[in-house]
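A structural walkthrough
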Amino acid sequence: MRRPAALALATTLLLTATATAVSAAPEAPASPPAPASLPAPATLTAPTSPAAPVTWPIGPRPESAVQAWQGRVYVSVQGEATPGRGDGEIRTLDPATGQVSTFATGLDNPRGLAFTGKFLIATDFTRVWQIDRTGAKRVLAESTAFPHPVAALNDAVAEPGGQAVYVTEMGAREKMRDPGGALWPVDSPQALDIPARARVYRISLSGKVTEAAAPSRRTLIHNGIALGNRPGTLLAAEFFYGNLTEIDLRTGRQSILATGFRAADGIEQATDGTLYVSSYDQGSVWRVDRDGENPRLLLSGLGSGGTADFLLDERGKRLLIPDTTRGTVTVLPIG
């Protein structure tokens, strides 16, 4: 597949209300921190300018980023929005130089990525792929393997130990927007009419699919998912209401940690409990304390599709944020 052409980008980013210059470099062909029980990837090199975000071209409609083998960054690139074209790819990105290369091809619209320590897992509408370190892929779970009808699979995160992944099913996403494409008001009759169908599935590396979290109106439209700091918990970003939710896998209880981040897409938690969340519609990223309080705006002004499912590189003190609309990845310092 033809790789994205080299281009110079100038994107106006508002980083805590300060305008910053964005640079880009030509393309050259070529996860959150792993739980303690997983092999830890190599640390990414910190950017030379810790104060300024940098944006690199990656390809059409990037969605998710994760760190995997040898500390490389892998990004899902969806290609055209029309299903069935098979033009989706996984690409690698060097965040220091902007160098991009194709890793795996022949996917449809790849979205969430997770690294088990041995395999890269990619969700793709109604199926899930398992990809080895050479880029060879196989279907881990088809839609027929799921215990309930699948509408749209989204994000993924590896289980501690790397023997399974958790994957979000968005639910009734076709009912969340008005005819103009905006989310219905949260107090509208249309909001109450959205059925609770979103779920979290556990998929073993043998392809066995089980329900890990049942539908709840606290997580009405599932999007991002991450491991929580508390053992046996997941963190979920609910898209419609903007709830940040903790899911207790032992009891099934789903507790709202914070709310109001409408169109919440990516979510990650740092080792000190700090939460990071992005909004797909707002083009914004926030930092929130471990109690769900004191939100701080880190990035804004990118518009709809500007901030999708990001990678938290805690040691490098930065976020790597796919911009679905512009086909780029923004490297945002958070130190």
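Rules of the game
- Residues numbered from 1 in each chain as written.
- Predicted model: local features only at pLDDT ≥ 70, side-chain atom pairs only at ≥ 80, totals over all residues.
- Heavy atoms only, no water.
- Pairing = 2+ DSSP bridges.
- Helix = DSSP H or I, 4+ residues; strand = E, 2+ residues; numbered from the N terminus.
- Axes fitted to C-alpha atoms, helices over the stretch in contact; angles between N-to-C directions.
- Buried < 20%, exposed > 50% of the residue type's maximum accessible area, 1.4 Å probe, protein only.
- Phe/Tyr/Trp six-rings, centres within 6.5 Å; stacked < 30°, edge-to-face > 60°.
- Lys NZ or Arg CZ within 6 Å of the ring centre and 35° of its normal.
- Salt bridge = Lys/Arg side-chain N within 4 Å of Asp/Glu carboxyl O.
- Core = buried A, V, L, I, M, F, W, Y, C linked by side-chain atoms within 4.5 Å.
- Contact = heavy atoms within 4.5 Å.
- Polar contact = N/O pair within 3.5 Å; in protein donor to acceptor, adjacent residues only side chain to side chain.

With that settled, consider the sheet that holds strand 25 (residues 318-323). With respect to topology, four strands assemble into an open sheet ordered 3-26-25-24, the strand pairing being antiparallel. Each edge of the sheet is formed by a strand with only one pairing partner; in this case those strands are strand 3 (54-57) and strand 24 (311-313). Across the sheet, the axes of successive neighbouring strands diverge by a mean angle of 20 degrees, strand direction being ignored. In this sheet, strand 26 (residues 328-333) lies alongside strand 3 in antiparallel orientation, the contact comprising four bridges. Residue pairing in the sheet places Trp56 in a bridge with Val329 of strand 26.

Let us look at unusual backbone geometry. Backbone geometry follows two general trends: most residues other than glycine have a negative phi, and most peptide bonds adopt the trans configuration. Within the chain, Gln70 stands out as a residue other than glycine whose phi angle is a positive 55 degrees. Along the chain, Gln70 turns up in the loop between strand 4 (62-67) and strand 5 (73-77). Even without being glycine, Lys317 reaches a positive phi, approximately 55 degrees. Residue Lys317 is classed as exposed on the basis of its relative accessible area, which comes to 52%.

Here we come to the packing of aromatic side chains. Tallied over the entire structure, the rule returns seven aromatic pairs. Measuring from centroid to centroid gives 5.9 Å for Trp69 and Phe103, while their planes differ by 45 degrees, and the two rings are tilted. Taken together, the positions of Trp69 in the loop between strand 4 and strand 5 and Phe103 in strand 7 (residues 100-107) put the pair 34 residues apart, joining distant regions of the chain. A single burial state applies to Trp69 and to Phe103, both of which are buried. Residues Phe261 and Trp286 carry aromatic rings whose centres are separated by 5.1 Å and whose planes lie at 65 degrees to one another, so their mutual orientation is edge-to-face. Taken together, the residues span a long stretch of sequence, with Phe261 in the loop between strand 19 (254-258) and strand 20 (264-269) and Trp286 in strand 22 (residues 284-288) at a distance of 25 residues. Neither Phe261 nor Trp286 differs from the other in exposure class; each is buried. Following the ring pairs from residue to residue traces out a cluster consisting of Trp69, Tyr74, Phe103 and Phe115. For Lys137, the ring lying beneath its charged end belongs to Trp129, and the centroid distance is 5.2 Å. Seen from the ring of Phe240, Arg262 lies directly overhead, with NZ or CZ sitting 4.7 Å from the centre.

Consecutive side chains along a regular strand alternate between the two faces of the sheet. For strand 22, the tally of buried residues reaches five of five residues, placing the bulk of the element in the interior. Bridging between strand 21 (residues 275-279) and strand 22 involves five bridges; their strand directions are antiparallel. Directly across from Ser278, in strand 22, lies its bridge partner Val285. Across three bridges, strand 22 lies against strand 23 (residues 296-299) in antiparallel orientation. Among the inter-strand pairings, Val285 is bridged to a residue of strand 23, identified as Leu299.

Right, let's get into the pattern of salt bridges. Across all of its chains, the model carries 11 salt bridges by this definition. Notably, a salt bridge pairs Arg199 with Glu211, separated by 2.6 Å at the nearest N-O pair. Placement of Arg199 in strand 14 (residues 199-204) and of Glu211 in strand 15 (residues 209-213) is noted, with a sequence separation of 12 residues between them. For Arg199, a relative accessible area of 15% corresponds to the buried category. Accessibility expressed as a relative area gives 35% for Glu211, which makes it partly exposed. One salt bridge connects Asp248 with Arg250, and the closest N-O pair in it is separated by 3.4 Å. Of the residues examined, Asp248 reaches a relative accessible area of 14% and is grouped as buried.

This paragraph deals with the nonpolar core. Grouped together as the largest cluster of nonpolar side chains are 17 residues, with contacts concentrated most on Ile121, Val128, Phe146, Val165 and Ile203. Among the elements of the structure, strand 11 (137-141), strand 12 (153-158), strand 13 (164-169) and strand 14 are those that each provide at least two residues to this core. Counting residues per element, this core draws most heavily on strand 12, at three residues. Excluding residues that lie within four positions of it along the chain, Val165 makes contacts with Ala114, Thr116, Ile121, Val157, Ala158, Glu159, Tyr201, Arg202 and Ile203.

Take the pairing of strand 15 next. When strand 14 meets strand 15, the two strands line up antiparallel, connected through four bridges. Looking at strand 15, one finds that Ile203 is bridged to Val209. Here strand 14 folds back onto strand 15, and the loop between the two strands holds four residues, one of which, Gly207, carries a positive phi near 95 degrees.

This next bit is on the environment of Trp129. Among the secondary structure elements, Trp129 is positioned in strand 10 (residues 127-131). Remark: the alpha-carbon pair of Trp129 and Glu142, spanning 13 residues in sequence, is separated by 8.8 Å. Setting aside anything within four residues of it in sequence, one finds Trp129 in contact with Gly106, Leu107, Leu120, Ile121, Ala122, Asp124, Lys137, Arg138, Val139 and Leu140. Looking at Trp129, its side chain comes within polar contact range of the side chain of Asp124, at 2.9 Å.

What the four strands build is an open sheet, ordered 8-9-10-11; its pairing is antiparallel. Across the chains shown, the open sheet's two edge strands, defined by having one partner strand only, are strand 8 (113-115) and strand 11. Ignoring which end each strand starts from, the neighbouring axes of this sheet average 30 degrees apart. Bridge count for strand 10 against strand 11 is four bridges, and the pairing is antiparallel. When the bridges of strand 11 are listed, Gln130 appears paired with Arg138.

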